[in-house]
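Residue-level structural notes
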Amino acid sequence: DTEVFTMQALQVAWREARESYQREHVTPYFYEHRERFRVIHVTDAEDHGDLRWTVDTPEDLDFVRAVYARFAGRGDFGWREVLALIQREPALAAINAHVAQKGFREAESTGSQEGSAGE
């Protein structure tokens with residue numbers, strides 16, 4: 001799933017967000033100011049929430065590098081091609097499958113345990 005917002009909204013959040021978690025994760029600022037922002041959710045018919053396609057840890061970077069290596073220098077592949085690749089090579093998803101998603105109010109510098117991974 002993806003959350004979509006305008007470049008203008010991102011610029012406002014960049015200028016106004018003060019909390020560490022708001023600056024690291026971006027979307028909390030939008031959700032905490034719903035009266036000002038519209039966030040569009042784009043979802044797929046299938047739930048791929050068990051796949052970790054983000055770069056927050058060294059293991060995540062290892063995963064991304066392994067995916068890119070499979071596409072032999074191509075930079076024009078899409079998410080459906082990556083999904084098909086992972087279905088063919090499940091070991092790729094195992095590279096960072098053990099990494100726990102931080103809650104949205106957790107920032108690297110705070111070590112906070114509050115928040116929910118659902119946003």
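The structure reproduced in this document is the subject of the present report. For clarity, every value in this text was computed on a predicted model and none was experimentally measured.

A few words now on the pattern of salt bridges. Applying the stated criterion to the full structure yields six salt bridges. Between arginine 52 and aspartate 60 there is a salt bridge, and its shortest N-O distance comes to 2.7 Å. Taken individually, arginine 52 and aspartate 60 each receive the classification buried, so the pair is uniform in this respect. A salt bridge links glutamate 81 to arginine 74; its shortest N-O distance comes to 3.0 Å. Through salt bridges that share partners, Arg52, Asp56 and Asp60 make up one connected network.

A few words now on the nonpolar core. Membership of the largest hydrophobic core is limited to 12 residues, which are Leu51, Phe63, Ala66, Val67, Phe71, Phe77, Val82, Leu83, Leu85, Ile86, Leu92 and Ala93. Contributing elements (two or more residues each) for this core: helix H4 (58-70), helix H5 (79-88) and helix H6 (90-94). Per-element tally for this core: the top contributor is H5, with four residues. Those residues in contact with valine 82 that sit more than four places away from it in its chain are Trp53, Val67, Phe71 and Phe77. Judged by nonpolar contacts, the second largest core, of nine residues, contains Ala13, Tyr29, Phe30 and Phe37.

Cut-offs used in this document
- Residues numbered from 1 in each chain as written.
- Predicted model: local features only at pLDDT ≥ 70, side-chain atom pairs only at ≥ 80, totals over all residues.
- Heavy atoms only, no water.
- Salt bridge = Lys/Arg side-chain N within 4 Å of Asp/Glu carboxyl O.
- Buried < 20%, exposed > 50% of the residue type's maximum accessible area, 1.4 Å probe, protein only.
- Core = buried A, V, L, I, M, F, W, Y, C linked by side-chain atoms within 4.5 Å.
- Helix = DSSP H or I, 4+ residues; strand = E, 2+ residues; numbered from the N terminus.
- Contact = heavy atoms within 4.5 Å.

So, to be careful, I would describe these as geometric facts and stop short of saying anything about function.
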